[in-house]
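Residue-level structure breakdown
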Amino acid sequence: GENVEQHPSTLSVQEGDSAVIKCTYSDSASNYFPWYKQELGKRPQLIIDIRSNVGEKKDQRIAVTLNKTAKHFSLHITETQPEDSAVYFCAAPYYGGSQGNLIFGKGTKLSVKP
Amino acid sequence: SQTIHQWPATLVQPVGSPLSLECTVEGTSNPNLYWYRQAAGRGLQLLFYSVGIGQISSEVPQNLSASRPQDRQFILSSKKLLLSDSGFYLCAWSPGPKAFFGQGTRLTVV
(Lines give C-alpha, C1' and ligand atoms only; values in the text may rest on other atoms or scores of the structure.)
Protein backbone atom coordinates (compact mmCIF):
# COMPACT_ATOMS: atom_id res chain seq x y z
CA GLY A 1 0.00 0.00 0.00
CA GLU A 2 0.87 3.64 0.13
CA ASN A 3 3.38 4.79 2.74
CA VAL A 4 3.63 8.51 3.42
CA GLU A 5 6.54 9.75 5.51
CA GLN A 6 6.54 13.31 6.82
CA HIS A 7 9.39 15.31 8.38
CA PRO A 8 10.02 16.98 10.72
CA SER A 9 7.49 16.04 13.36
CA THR A 10 7.94 19.41 15.07
CA LEU A 11 9.22 22.69 13.71
CA SER A 12 9.76 25.95 15.53
CA VAL A 13 10.54 29.18 13.66
CA GLN A 14 10.67 32.88 14.38
CA GLU A 15 7.96 35.08 12.95
CA GLY A 16 8.98 36.19 9.47
CA ASP A 17 11.18 33.17 8.79
CA SER A 18 10.36 30.44 6.29
CA ALA A 19 9.19 26.94 7.15
CA VAL A 20 9.59 23.84 5.02
CA ILE A 21 7.88 20.48 5.59
CA LYS A 22 8.80 17.46 3.50
CA CYS A 23 6.96 14.28 2.59
CA THR A 24 7.79 11.17 0.65
CA TYR A 25 5.39 8.61 -0.76
CA SER A 26 5.75 5.09 -2.09
CA ASP A 27 2.93 4.47 -4.59
CA SER A 28 4.09 5.57 -8.02
CA ALA A 29 0.45 5.69 -9.14
CA SER A 30 -0.26 8.59 -6.77
CA ASN A 31 -1.06 11.71 -8.76
CA TYR A 32 -2.53 14.15 -6.27
CA PHE A 33 -0.86 15.62 -3.19
CA PRO A 34 -2.83 17.79 -0.75
CA TRP A 35 -1.72 19.59 2.35
CA TYR A 36 -3.99 20.10 5.34
CA LYS A 37 -3.73 22.51 8.26
CA GLN A 38 -5.24 21.52 11.59
CA GLU A 39 -5.56 24.11 14.31
CA LEU A 40 -5.86 22.92 17.88
CA GLY A 41 -9.12 21.07 18.48
CA LYS A 42 -10.40 21.67 14.97
CA ARG A 43 -10.83 19.68 11.78
CA PRO A 44 -8.06 19.49 9.16
CA GLN A 45 -8.60 22.01 6.40
CA LEU A 46 -7.24 21.72 2.88
CA ILE A 47 -4.84 24.62 2.25
CA ILE A 48 -3.15 23.73 -1.01
CA ASP A 49 -2.80 20.78 -3.35
CA ILE A 50 -0.82 19.81 -6.41
CA ARG A 51 -1.32 17.34 -9.19
CA SER A 52 1.42 15.26 -10.72
CA ASN A 53 1.49 17.15 -13.99
CA VAL A 54 2.71 20.25 -12.16
CA GLY A 55 6.05 20.76 -10.44
CA GLU A 56 5.17 23.75 -8.27
CA LYS A 57 2.09 25.62 -7.14
CA LYS A 58 1.93 28.82 -5.16
CA ASP A 59 -0.83 30.58 -3.25
CA GLN A 60 0.30 33.79 -1.57
CA ARG A 61 2.69 32.77 1.22
CA ILE A 62 2.39 29.04 0.73
CA ALA A 63 3.78 26.89 -2.03
CA VAL A 64 4.07 23.21 -2.75
CA THR A 65 6.74 21.53 -4.86
CA LEU A 66 6.64 18.03 -6.28
CA ASN A 67 9.40 15.75 -7.52
CA LYS A 68 7.70 12.71 -9.02
CA THR A 69 10.95 10.99 -9.89
CA ALA A 70 12.12 11.10 -6.30
CA LYS A 71 8.57 10.67 -4.94
CA HIS A 72 8.69 13.60 -2.61
CA PHE A 73 6.78 16.83 -2.18
CA SER A 74 7.23 19.76 0.13
CA LEU A 75 5.24 22.59 1.69
CA HIS A 76 6.90 25.98 1.90
CA ILE A 77 5.56 28.79 4.05
CA THR A 78 7.25 32.16 3.71
CA GLU A 79 7.06 35.17 6.04
CA THR A 80 5.54 33.01 8.76
CA GLN A 81 3.04 34.54 11.17
CA PRO A 82 1.83 33.35 14.59
CA GLU A 83 -1.48 32.28 13.04
CA ASP A 84 0.44 29.78 10.92
CA SER A 85 1.02 27.78 14.11
CA ALA A 86 -0.82 24.48 13.65
CA VAL A 87 -0.29 20.86 12.71
CA TYR A 88 0.23 20.30 9.00
CA PHE A 89 -0.47 17.02 7.24
CA CYS A 90 0.57 15.88 3.82
CA ALA A 91 -1.31 13.11 2.05
CA ALA A 92 -1.23 10.97 -1.04
CA PRO A 93 -3.90 8.70 -2.52
CA TYR A 94 -3.53 4.98 -2.57
CA TYR A 95 -5.05 3.34 -5.63
CA GLY A 96 -4.74 -0.24 -4.48
CA GLY A 97 -8.51 -0.55 -4.60
CA SER A 98 -10.80 1.03 -7.15
CA GLN A 99 -10.50 4.47 -5.65
CA GLY A 100 -7.88 6.71 -4.18
CA ASN A 101 -8.11 6.78 -0.42
CA LEU A 102 -5.98 9.48 1.10
CA ILE A 103 -3.16 8.22 3.28
CA PHE A 104 -1.82 10.90 5.60
CA GLY A 105 1.61 11.61 6.96
CA LYS A 106 1.98 11.73 10.74
CA GLY A 107 1.88 15.50 10.82
CA THR A 108 4.23 18.37 11.61
CA LYS A 109 3.55 20.66 14.54
CA LEU A 110 4.64 24.13 13.47
CA SER A 111 5.19 26.77 16.11
CA VAL A 112 5.79 30.36 15.01
CA LYS A 113 7.25 32.48 17.77
CA PRO A 114 6.51 36.22 17.74
CA SER B 1 -22.60 23.59 -1.89
CA GLN B 2 -21.66 20.44 -0.03
CA THR B 3 -21.60 20.31 3.75
CA ILE B 4 -20.74 17.57 6.17
CA HIS B 5 -22.23 17.24 9.63
CA GLN B 6 -20.85 15.16 12.41
CA TRP B 7 -22.13 14.73 15.94
CA PRO B 8 -21.74 14.82 18.82
CA ALA B 9 -18.78 17.16 19.15
CA THR B 10 -17.64 15.67 22.46
CA LEU B 11 -18.48 12.45 24.22
CA VAL B 12 -17.41 10.83 27.48
CA GLN B 13 -18.28 7.17 27.76
CA PRO B 14 -17.46 4.47 30.31
CA VAL B 15 -15.46 1.41 29.34
CA GLY B 16 -17.73 -1.33 28.05
CA SER B 17 -20.49 1.00 26.91
CA PRO B 18 -21.72 1.15 23.29
CA LEU B 19 -20.88 3.90 20.82
CA SER B 20 -22.68 5.47 17.90
CA LEU B 21 -21.26 8.44 15.97
CA GLU B 22 -23.17 9.81 13.03
CA CYS B 23 -22.10 11.67 9.94
CA THR B 24 -24.25 13.08 7.16
CA VAL B 25 -23.39 14.87 3.96
CA GLU B 26 -25.57 17.37 2.14
CA GLY B 27 -25.42 18.70 -1.39
CA THR B 28 -24.01 15.67 -3.13
CA SER B 29 -25.07 12.14 -4.02
CA ASN B 30 -23.18 8.88 -3.75
CA PRO B 31 -20.16 10.38 -2.01
CA ASN B 32 -17.19 8.36 -0.85
CA LEU B 33 -17.28 8.51 2.94
CA TYR B 34 -14.53 7.91 5.48
CA TRP B 35 -13.93 7.54 9.19
CA TYR B 36 -10.53 8.60 10.51
CA ARG B 37 -9.20 8.46 14.03
CA GLN B 38 -6.61 10.78 15.51
CA ALA B 39 -5.04 9.80 18.81
CA ALA B 40 -3.75 12.67 20.97
CA GLY B 41 -0.82 14.36 19.23
CA ARG B 42 -0.80 11.77 16.48
CA GLY B 43 -1.62 11.50 12.80
CA LEU B 44 -4.80 10.58 10.96
CA GLN B 45 -5.52 6.87 10.75
CA LEU B 46 -8.05 5.67 8.18
CA LEU B 47 -10.51 3.31 9.86
CA PHE B 48 -13.27 2.71 7.30
CA TYR B 49 -14.33 3.87 3.89
CA SER B 50 -17.51 3.41 1.92
CA VAL B 51 -18.23 3.86 -1.77
CA GLY B 52 -21.97 3.25 -1.49
CA ILE B 53 -24.91 2.11 0.62
CA GLY B 54 -24.06 -1.04 2.54
CA GLN B 55 -20.49 -1.07 1.21
CA ILE B 56 -17.91 -0.83 3.97
CA SER B 57 -14.19 -1.48 3.81
CA SER B 58 -12.06 -1.68 6.92
CA GLU B 59 -8.46 -0.57 6.93
CA VAL B 60 -7.39 -1.83 10.34
CA PRO B 61 -8.58 -4.57 12.68
CA GLN B 62 -10.29 -3.00 15.63
CA ASN B 63 -13.06 -2.82 18.13
CA LEU B 64 -15.18 -0.60 15.89
CA SER B 65 -17.59 -1.11 13.02
CA ALA B 66 -19.17 1.14 10.43
CA SER B 67 -22.43 1.14 8.54
CA ARG B 68 -23.95 3.13 5.70
CA PRO B 69 -27.70 2.74 5.88
CA GLN B 70 -28.40 5.65 3.52
CA ASP B 71 -26.51 7.26 0.68
CA ARG B 72 -25.37 10.27 2.68
CA GLN B 73 -25.20 8.75 6.16
CA PHE B 74 -22.20 7.04 7.70
CA ILE B 75 -22.22 5.63 11.23
CA LEU B 76 -19.35 4.50 13.42
CA SER B 77 -20.23 2.06 16.18
CA SER B 78 -18.90 -0.11 18.92
CA LYS B 79 -20.64 -2.64 21.12
CA LYS B 80 -18.14 -2.27 23.98
CA LEU B 81 -15.71 0.61 24.19
CA LEU B 82 -12.12 0.15 25.32
CA LEU B 83 -9.88 2.77 26.89
CA SER B 84 -7.76 2.66 23.73
CA ASP B 85 -10.74 3.83 21.68
CA SER B 86 -10.29 7.35 23.04
CA GLY B 87 -9.39 9.88 20.38
CA PHE B 88 -10.61 12.43 17.91
CA TYR B 89 -12.86 10.84 15.29
CA LEU B 90 -13.27 12.55 11.97
CA CYS B 91 -15.75 11.80 9.25
CA ALA B 92 -14.81 12.89 5.75
CA TRP B 93 -16.33 12.88 2.31
CA SER B 94 -14.49 12.84 -0.94
CA PRO B 95 -15.40 13.87 -4.46
CA GLY B 96 -12.10 12.14 -5.29
CA PRO B 97 -9.33 12.33 -4.42
CA LYS B 98 -9.39 15.29 -1.99
CA ALA B 99 -11.15 14.91 1.36
CA PHE B 100 -13.29 17.31 3.36
CA PHE B 101 -13.68 16.73 7.07
CA GLY B 102 -16.52 17.06 9.53
CA GLN B 103 -15.97 18.97 12.75
CA GLY B 104 -14.88 15.83 14.58
CA THR B 105 -15.96 14.06 17.76
CA ARG B 106 -13.65 14.02 20.73
CA LEU B 107 -14.29 10.70 22.48
CA THR B 108 -12.97 10.04 25.95
CA VAL B 109 -13.42 6.56 27.34
CA VAL B 110 -13.18 6.50 31.12
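Residues numbered from 1 in each chain as written. Chains lettered and ligands numbered in written order. Predicted model: local features only at pLDDT ≥ 70, side-chain atom pairs only at ≥ 80, totals over all residues. Heavy atoms only, no water.

Notes on the interface of chain A and chain B
We count it as follows: Contact between two residues is taken to exist if any of their heavy atoms lie within 4.5 Å; hydrogens are not considered. Simply put, the buried area is the total loss of 1.4 Å probe accessible area from both parts when two parts are fitted together. Think of a salt bridge as a Lys or Arg side-chain nitrogen and an Asp or Glu carboxyl oxygen that are within 4 Å of each other. The definition of a polar contact used here is a pair of N or O atoms within 3.5 Å, where within protein one atom must be able to donate a hydrogen and the other to accept one, and adjacent residues in sequence count solely through side-chain atom pairs.
Between chain A and chain B, the contact holds 20 residues from the first and 20 residues from the second. Around 1,600 Å² of area is buried between chain A and chain B when both sides are counted, 56% of it from carbon and sulfur atoms. Where chain A meets chain B, there are one salt bridge. With its nearest N and O atoms 3.4 Å apart, the salt bridge here joins Lys98 of chain B to Asp49 of chain A. There are five residue pairs in polar contact (both at pLDDT 80 or more) connecting chain A and chain B.

Focus on the environment of Leu40 of chain A
Residues and elements named next belong to chain A. Stated formally: Helical segments are the DSSP runs of H or I of at least four residues, strand segments are the runs of E of at least two, and each set is numbered from the N terminus. Categorising residues by exposure relies on relative accessible area from a 1.4 Å probe, with only protein chains included: less than 20% of the type maximum marks a residue as buried, more than 50% marks it as exposed, and the intermediate range marks it as partly exposed.
Residue position: Leu40 is located in the loop between strand 4 (32-38) and strand 5 (45-51). Accessibility expressed as a relative area gives 87% for Leu40, which makes it exposed. Each C-alpha atom, one on Leu40 and one on Gln81, is 16 Å from the other, the two residues being 41 residues apart in sequence.

Quick word on the state of the cysteines
Note on terminology: disulfide describes a covalent bond linking the sulfur atoms of two cysteines. All names here are of chain A. In plain terms, the rule: Two cysteine sulfurs form what is called a disulfide whenever their separation falls within 2.5 Å.
Evaluated as defined, the whole model comprises two disulfides over all chains. Disulfide partner of Cys23: Cys90, at an S-S distance of 1.9 Å. As the torsion about the S-S bond is roughly -95°, the Cys23-Cys90 disulfide counts as left-handed. With Cys23 in strand 3 (residues 19-24) and Cys90 in strand 9 (residues 86-94), the pair connects residues that are 67 residues apart, well separated along the chain.

Some remarks on the pairing of strand 6 (residues 56-59) of chain A
Residue and element names in this part refer to chain A. Formally: DSSP calls a pair of strands paired once it identifies at least 2 bridges connecting them.
As defined by bridge partners, strand 6 adjoins strand 7 (residues 62-67) across four bridges and the pair is classed as antiparallel. Following the sheet pairing, Glu56 is matched in strand 7 by Thr65. Hairpin remark: strand 6 followed by strand 7, antiparallel, with two residues in the connecting loop; positive phi at Gln60, about 60°.

Some thoughts on the sheet that holds strand 8 (residues 73-78) of chain B
Residues and elements named next belong to chain B. Note the following rule: Axis geometry follows a simple rule: fit a line to the C-alpha atoms, using only the stretch in contact for helices, then measure angles between N-to-C directions, giving values from 0 to 180 degrees.
Within the open sheet, the four strands sit side by side as 1-3-8-7. Their pairing is antiparallel. The open sheet is flanked by strand 1 (3-7) and strand 7 (65-70), the only strands paired with a single partner. For this sheet, the mean inter-axis angle between neighbouring strands, taken without regard to orientation, is 20°. Across four bridges, strand 7 lies against strand 8 in antiparallel orientation.

What to know about the side chain of Ser30 of chain A
Residues and elements named next belong to chain A. With respect to the helices and strands, Ser30 occurs in the loop between strand 3 and strand 4. For Ser30, a relative accessible area of 0% corresponds to the buried category. Side-chain polar atoms of Ser30 contact the backbone oxygen of Pro93, separated by 2.6 Å. If near-sequence neighbours (up to four positions away) are discounted, Ser30 is found in contact with Glu2, Tyr25, Lys68, Ala92, Pro93 and Tyr95.

Structural notes on the nonpolar core
All names here are of chain A. Our working rule: For the purposes of this section, nonpolar cores are sets of buried Ala, Val, Leu, Ile, Met, Phe, Trp, Tyr and Cys residues that join through side-chain atoms within 4.5 Å.
Judged by nonpolar contacts, the single largest core of 23 residues is most densely connected at Trp35, Phe73 and Leu110. For this core, the secondary-structure elements that each account for two or more residues are strand 2 (10-14), strand 3, strand 4, strand 5, strand 7, strand 8 (72-77), strand 9 and strand 11 (108-113). Here the element with the most residues in this core is strand 9; it accounts for four residues.

Re the pairing of strand 11 of chain A
All names here are of chain A. Residues of strand 11 alternate between two faces, with Thr108, Leu110 and Val112 buried on one and Lys109, Ser111 and Lys113 left unburied on the opposite face. Of the strand pairs in this sheet, strand 2 and strand 11 are connected by five bridges, and their pairing is parallel. For Val13, the partnering residue across the bridge sits in strand 11 and is Val112.

Some points on the pattern of salt bridges
Residues and elements named next belong to chain A. Within the structure shown, the criterion is met by seven salt bridges over all chains. Here Lys37 ties to Glu39 by a salt bridge, and the two come within 3.7 Å at their closest N and O atoms. Using a relative accessible area of 16% as the deciding quantity, one classes Lys37 as buried. A network of salt bridges, in which partner residues are shared, links Lys37, Glu39 and Lys42.

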